[in-house]
Amino acid sequence: MRIRADDRSGRGGPGTNRRELLRRSALAGAVAGGVLVTASGCDLFDGGPDTPPAPDQLTGLLAGTWTLIAAYDSALTALPELGPLLGPLRETHRQHADAITAIMDPRPSAQAFGPSSLAPAAGDRKAVLTSLRTAEQNGSRQAAEVCLATTPARATLVGEIAVARATHLEVLVP
Amino acid sequence: MSAELGQRLGAALAAEYAAIFAYGRLGVLLDKAGRDLARGVQEVHRVRRDALLVHLAALKVDPPEAEAGYAMPFPVTDKPSALKLAAYVEDGVAATWRAALAVTEGELRKQVLAGYTDAAVRAAHWRRLAGVTPLTVTFPGRPAKR
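Note that the structure is predicted; figures quoted are calculated from it, not measured.

The rules behind each value
Residues numbered from 1 in each chain as written. Chains lettered and ligands numbered in written order. Predicted model: local features only at pLDDT ≥ 70, side-chain atom pairs only at ≥ 80, totals over all residues. Helix = DSSP H or I, 4+ residues; strand = E, 2+ residues; numbered from the N terminus. Rg over C-alpha atoms; globule rule 2.2 N^0.38 Å. Buried ≥ 20, exposed ≤ 12 C-beta atoms within 10 Å, placed from the backbone. Contact = placed C-beta atoms within 7 Å. Core = buried A, V, L, I, M, F, W, Y, C linked by C-beta atoms within 7 Å. Expected span 1.5 Å × (residues − 1). Nonpolar A, V, L, I, M, F, W, Y, C, P; charged D, E, K, R; others polar. Axes fitted to C-alpha atoms, helices over the stretch in contact; angles between N-to-C directions. Parallel < 35°, antiparallel > 145°, perpendicular 65-115°, else oblique.

Undergrad: What exactly am I supposed to notice about the overall build of chain B here?
TA: A count of helical and extended segments in chain B gives four helices and zero strands. Mapped from its N terminus to its C terminus, chain B presents α and β elements in the order α-α-α-α. At 15 Å, chain B has a C-alpha radius of gyration in line with the 15 Å of a compact globule built from 146 residues. Dimensions of chain B, computed from C-alpha atoms along their principal axes, come out at roughly 45 × 35 × 30 Å.

And the structure:
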């Protein structure tokens, strides 16, 4: 997964990168626990206009989606002959990433998540497909958990993603 | 949301009725392994049907009744058309469960998601057995754009 550590544009806007979102999440947790106070006892963050928004609750699901895309990229780099089998599944995850991104607030930047440059997957066809099956099973489980916890308005899309990942196991037959 | 919930669970029940009927019709056209699978899947649909009847009763919603017979969407005369019908009815079931996600929460949403997942996976499985591609779609059960 590509993370641009030098991306400092925006504050919760389109330029926000993943590392920044995670840092803010940690800060938000610390603030919630009353840890961050000044010497005078005042809250460090007063909720004013400069307070960065908390990362969207779909941030983890989006990160997981890009992890799946990266796994397919690694597999296709190692075994390009699997293109006809794996290409459509990778494209599905790509469309899922777009759909998740479109409803997130704040919207993550294109630079925060994107194609990776992982090493080619190791092993033969059977090993590669088995590894992808595991990734899809974990991804489906993650999406199902998010589906059960999210708002009604988001439940359908997240449910679709969980189900699509489950159906991929019918394709990934070693 | 309750009226909407009753309507969508009722639609899921109607799809389950149709699936139960279809498996009775298509199973006899499959080989032994296919027949055994169809019989098992038909029983799963009966369990879902019964669970939906319980939910609708709790909502005080009159459930739709099963039809005495269902028109086939295409001629079902042999193994390939039987496999195609199995995938067709599972796609229909998946679509109705999917539509109920947005009006449910908690334990009921969990059950709806399970019904949705099982149906979509079975549809892909029947397509695989039929040699039909693609096996999967990007957004299972989502209505096609007009």
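Back to the write-up after that little detour.
Undergrad: What am I meant to see in the overall build of chain A here?
TA: Helices and strands together make up the secondary structure of chain A, namely five helices and zero strands. Listed by position from the N terminus, the elements making up chain A come as α-α-α-α-α. Every one of the 174 residues in chain A was classed for burial, and the buried ones make up 36%. Put simply, of all contacts in chain A between residues at least 6 apart along the chain, 73% involve residues at least 24 apart.

Undergrad: Please explain the nonpolar core as it appears in this structure.
TA: A general tendency of soluble globular proteins is for nonpolar side chains to be buried together. Membership of the largest hydrophobic core comes to 77 residues, with the highest contact counts inside it found for Val158 and Ala162 of chain A together with Ala86, Tyr116 and Ala120 of chain B. Counting residues per element, the ones that place at least two in this core are helix 2 (59-78), helix 3 (83-103), helix 4 (125-149) and helix 5 (152-167) of chain A together with helix 1 (2-26), helix 2 (32-58), helix 3 (79-100) and helix 4 (106-130) of chain B. When sequence neighbours within four positions are dropped, the list of residues in contact with Ala86 of chain B reads Leu26, Ala38 and Trp126 of chain B.

Undergrad: What is the right way to look at helix 4 of chain A in this model?
TA: Residues spaced three or four apart along an α-helix face the same direction, because each turn holds 3.6 residues. Taking 1.5 Å of rise per residue, the 25 residues of helix 4 of chain A would be expected to cover 36 Å, and the 36 Å separating its terminal C-alpha atoms lies within 8% of that figure. Within helix 4 of chain A, the full set of buried residues consists of Val128, Leu129, Leu132, Ala135, Glu136, Gly139, Ser140, Gln142, Ala143, Ala144, Val146 and Cys147 of chain A. Residues of helix 4 of chain A that are buried sit in contact with helix 2 and helix 5 of chain A together with helix 4 of chain B.

Undergrad: Explanation requested: the interface of chain A and chain B in the structure shown.
TA: By a widespread convention, an interface's size corresponds to the accessible area lost as its parts come together. With 20 residues of chain A at the interface, the matching set in chain B holds 22 residues. Ranked by the residues each element gives to the side of chain A that touches chain B, the list is headed by helix 5 of chain A, at eleven residues. Residues belonging to the side of chain A that touches chain B are distributed by class as follows: twelve nonpolar, six polar and two charged.

Undergrad: Just to check I follow, could you spell out helix 4 of chain B for this structure?
TA: In this model, helix 4 of chain B (25 residues) spans 36 Å end to end at C-alpha, consistent with the 36 Å of a helix rising 1.5 Å per residue. Two residues or fewer past helix 4 of chain B, Gly131 of chain B is found with a positive phi of approximately 75°.

Undergrad: I tried to follow the environment of Arg133 of chain A on my own but got confused; where do I start?
TA: All names here are of chain A. Looking at the secondary structure, you find Arg133 in helix 4. Of the residues examined, Arg133 has 16 C-beta atoms within 10 Å and is grouped as partly exposed. Along the sequence, Arg133 and Ala166 sit 33 residues apart, while their C-alpha atoms lie 9.3 Å from each other. Residues in contact with Arg133, not counting those within four places in the same chain, are Leu169 and Leu172.

Undergrad: Hey, could you run me through the packing of helix 2 of chain A against helix 4 of chain A in this one?
TA: Two quantities define a packed helix pair, namely the angle between the axes and the distance from one axis to the other. Residues and elements named next belong to chain A. Two elements in contact, helix 2 and helix 4, have axes whose closest approach is 10 Å; the angle formed by their N-to-C orientations is 170°. Regarding the angle of helix 2 to helix 4, the classification is roughly antiparallel. Listed contacts from helix 4 to Leu61, Gly64, Leu68, Ala71, Ala75 and Ala78 of helix 2 are Val128, Leu132, Ala135, Gly139, Gln142, Ala143 and Val146. Counted by class, the contact of helix 2 with helix 4 contains ten nonpolar, three polar and no charged residues.

Undergrad: Looking at this structure, I do not really get the environment of Arg141 of chain A. What am I missing?
TA: All names here are of chain A. For Arg141, the location among the structural elements is in helix 4. Arg141 sits in the partly exposed class, given 13 other C-beta atoms within 10 Å. Separated by 22 residues in sequence, Arg141 and Val163 have C-alpha atoms that sit 9.5 Å apart.

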